[in-house]
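Inside the fold
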Amino acid sequence: MNIDPIAQAHSDRLFAVIQQRIADAGGKIPFADYMQLCLHTPGLGYYSAGSQKFGKHGDYTTAPEISPLFSQTLARHIQDIRQQLSEFNLLEFGAGSGKMAADILLQLERDKALPDHYYIIEASADLQYRQREYLSSTIPNLFEKVIWLDQLPAQFVGVIVANEVCDAMPLHRLHFSQDAWQECHITINNGVLEWVDGPLSNASLKQRTELISQHHDQTEFFAEVNLAAEGWVASLADCLQQGAIFIIDYGHDRASYYHPERSQGTLMCYVQHHGHDNPLILPGLQDITSHVEFTALAEMALSCGLDVEGFQTQADFLLAGGIIELLAAQSSGDVTLDSFSQTTAIKRLTLPSEMGESFKALTLTKGLPELLPRLRLADRRYSL
Ligand SMILES: C[S@@+](CC[C@H](N)C(=O)[O-])C[C@H]1O[C@@H](n2cnc3c(N)ncnc32)[C@H](O)[C@@H]1O
C-alpha cells in the first residue's frame with residue numbers, strides 16, 4: 001500500500017490529537033471515542049478531510065456508486081410513500097459524493113413526483129462542499145431543491161433515507177473474558193496505539209451485555225454495540241410527523257449479529273479497496289466501520305412510536321422496487337458494452353455472494369394510512 005508523505009503527515013497530526021485526548025483522559029479512551037476522532041475530527045478525520053473516498057479511485061464503493069439503478073429503484077419505494085402524504089419532502093443523511101441524491105431526484109423528475117425540497121444532513125464539511133459541486137453541475141435545473149441542514153428540523157413530513165450511514169457511527173466494542181465483561185479502550189504505549197480493556201463507559205451497556213450473553217457460549221469473544229445509531233433512530237422518530245425512513249446498510253438481526261461464529265465482532269477497515277480488521281493503523285486515512293445490529297434499531301423505533309414496516313435483504317428490496325423492470329425500460333435490447341455493465345452492476349447489487357444478502361433494508365413508518373405491498377416480498381421482520 002502506498003501512503004504518500006503528505007497523507008502520512010496528515011495522519012501524524014491526527015495521531016497527536018488522539019495522543020492528547022488519551023493523556024487528558026488519564027491513559028485510555030473507549031474505542032467509540034477513538035473511532036469518532038478517526039472519522040470525524042474537524043479537518044483531520046477520515047470523513048472530515050479531503051481525500052477521495054468513494055468509487056474506483058477511493059477506498060470503497062457503495063451501492064449508489066455502482067449503478068444509478070440502485071437510487072432509481074429506491075425512488076420507486078419513495079413514491080409509494082409520497083402517494084400517501086399531503087406534503088412531500090426528502091431528507092438524506094450522509095450523502096457521500098451526492099450521487100444518490102442526483103439519481104433519486106432525476107428519477108422522481110421523470111416520474112413527475114418531485115419533492116418540495118431535498119434536504120441533506122452531512123457530518124463532513126468537506127463532503128458537503130463536494131456534494132454542492134457535484135449536484136450543481138449534474139442537476140442544475142433541480143439544484144434549487146437541495147438544501148443542506150446542520151440538524152434535524154423540529155418537524156418533518158416525507159421520506160428519510162440513509163445508505164451506509166449507521167455503519168460509520170462510532171460504536172462501543174466489548175470484550176467478554178474470564179467470566180467478565182470489559183469495554184475495549186485505546187491507549188498509547190511507547191508511541192504506538194494499543195488495545196486495552198477498561199470498565200464499561202456507558203450505563204446502558206450493562207443491560208446490553210446480558211442480552212448478548214444469551215447468544216454466546218464461548219469463554220472469550222468480542223461484540224459491538226452501536227448506541228449512537230440507536231440514539232439517531234430515536235431522534236428521527238421524534239422529528240418525523242408522517243412518512244417513512246429507509247435505512248440500508250450491511251448488517252444482521254440480533255441472533256445472527258451475536259452468533260458465536262462472529263466471536264471477533266464485525267469491525268472492518270477499508271483503505272484503497274483493501275479490507276482488514278486493524279483500526280489502529282493509519283488514523284484518519286482509512287474508513288473504520290462495523291455491521292449494523294438491526295434488531296436494536298427496530299426496538300428503538302418501536303419504543304419511539306414508529307412502525308417497523310419491512311426488513312428485507314437488499315436484493316429483495318431492489319427486486320420488489322422493480323430494478324429489473326427499470327433496467328428493461330432503459331435497454332434497447334442490443335448487447336452493448338453499456339448493457340453488459342448494467343447487468344454486471346445488478347449482479348453486484350443483488351447476488352447473495354456480493355451485496356445482495358449482507359446488506360439489508362429496514363423500513364420504518366409513521367402515520368401512513370395504507371400498507372406498502374412491495375415490502376411484503378420476502379419480508380424478514382420475523383427474524384428481528
Ligand atoms: C459510508 S459513507 C456513505 C455515503 C453515501 N450514503 C453512499 O451510500 O455512497 C457515510 C456517509 O455518512 C456521513 N456521516 C457519518 N456519520 C454521520 C452523521 N452522524 N450524520 C450525518 N452524516 C454522517 C459521512 O460523512 C459519509 O457521507
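Residues numbered from 1 in each chain as written. Predicted model: local features only at pLDDT ≥ 70, side-chain atom pairs only at ≥ 80, totals over all residues. Heavy atoms only, no water.

Take the side chain of Q131 next. With respect to the helices and strands, Q131 occurs in helix 6 (residues 125–138). Among residues more than four places away in sequence, those in contact with Q131 are A95, G96, S97, G98, I120, E122 and W148. (Helix = DSSP H or I, 4+ residues; strand = E, 2+ residues; numbered from the N terminus. Contact = heavy atoms within 4.5 Å.)

Attention shifts here to the side chain of S67. By the secondary structure assignment, S67 is in the loop between helix 3 (63–66) and helix 4 (68–82). There is a polar contact of 3.0 Å between the side chain of S67 and the backbone nitrogen of L69. If sequence neighbours within four positions are ignored, S67 has contacts with Q342, A345 and L349. (Polar contact = N/O pair within 3.5 Å; in protein donor to acceptor, adjacent residues only side chain to side chain.)

It is worth spelling out the packing of helix 4 against helix 12 (residues 323–330) at this point. Contact geometry for helix 4 and helix 12: axes closest at 9 Å, N-to-C directions at 120°. Taken together, the axes of helix 4 and helix 12 lie oblique to each other. Between helix 4 and helix 12 lies a crossing of right-handed hand. Note on element contacts: helix 12 touches helix 4 through I323, L326, L327 and Q330, opposite L69, Q72, T73 and R76. When the residues that make up the contact of helix 4 with helix 12 are grouped by side-chain class, the tally is four nonpolar, three polar and one charged. (Axes fitted to C-alpha atoms, helices over the stretch in contact; angles between N-to-C directions. Parallel < 35°, antiparallel > 145°, perpendicular 65-115°, else oblique. Left-handed = near helix turned anticlockwise from the far one by under 90°. Nonpolar A, V, L, I, M, F, W, Y, C, P; charged D, E, K, R; others polar.)

On the secondary structure map, E224 appears in strand 9 (residues 221–225). Under the relative-accessibility criterion, E224 is labelled buried at 2%. Residues E224 and Y258 lie 34 residues apart in sequence; the distance between their C-alpha atoms is 8.8 Å. Contacts of E224, omitting those with residues within four sequence positions, involve L171, H172, R173, Y257, Y258, Q264, G265, T266, L267 and S290. Side chain to side chain, E224 and R173 meet in a polar contact 3.5 Å long. (Buried < 20%, exposed > 50% of the residue type's maximum accessible area, 1.4 Å probe, protein only.)

All right, on to the sheet that holds strand 12 (residues 274–276) then. With antiparallel pairing, the three strands of this open sheet are ordered in space as 12-11-13. The strands lining the two open edges of the sheet, one partner per strand, are strand 12 and strand 13 (287–289). The average angle at which neighbouring strand axes cross in this sheet is 20°, direction not considered. Of the strand pairs in this sheet, strand 11 (residues 268–271) and strand 13 are connected by three bridges, and their pairing is antiparallel. Directly across from Y270, in strand 13, lies its bridge partner D287. (Pairing = 2+ DSSP bridges.)

Another aspect to go through is the nonpolar core. Residues L74, I78, I104 and Y118 are the most contacted members of the largest nonpolar core, which totals 47 residues. Residues contacting Y118, with those up to four places away along its chain left out, are L90, E92, M100, A101, I104, L105, K145, V146, I147 and V161. Grouped together as the second largest cluster of nonpolar side chains are 30 residues, F156, W232, I247 and F311 included. (Core = buried A, V, L, I, M, F, W, Y, C linked by side-chain atoms within 4.5 Å.)

This brings us to the state of the cysteines. In this structure the tally under the stated criterion is zero disulfides. With no disulfide partner, C184 has as its closest neighbouring cysteine sulfur the one in C269, 14 Å distant. (Disulfide = S-S within 2.5 Å.)

Let's shift gears to the site of the ligand. As a matter of local geometry, the ligand sits amid 19 residues, with T62, G94, E122, N163 and E164 nearest to it. Separating a nitrogen atom of the ligand from a backbone N or O atom of G94 is a distance of 2.7 Å. Here an oxygen atom of the ligand sits 3.2 Å away from a polar atom, N or O, in the main chain of G96. Within the complex, the protein chains bury 93% of what would otherwise be the 600 Å² of accessible surface of the ligand. Residue composition of the shell around the ligand, grouped by class: eleven nonpolar, six polar and two charged. (Near = heavy atom within 4 Å. Areas by Shrake-Rupley, 256 points an atom, 1.4 Å probe, with all protein chains shown as cover.)

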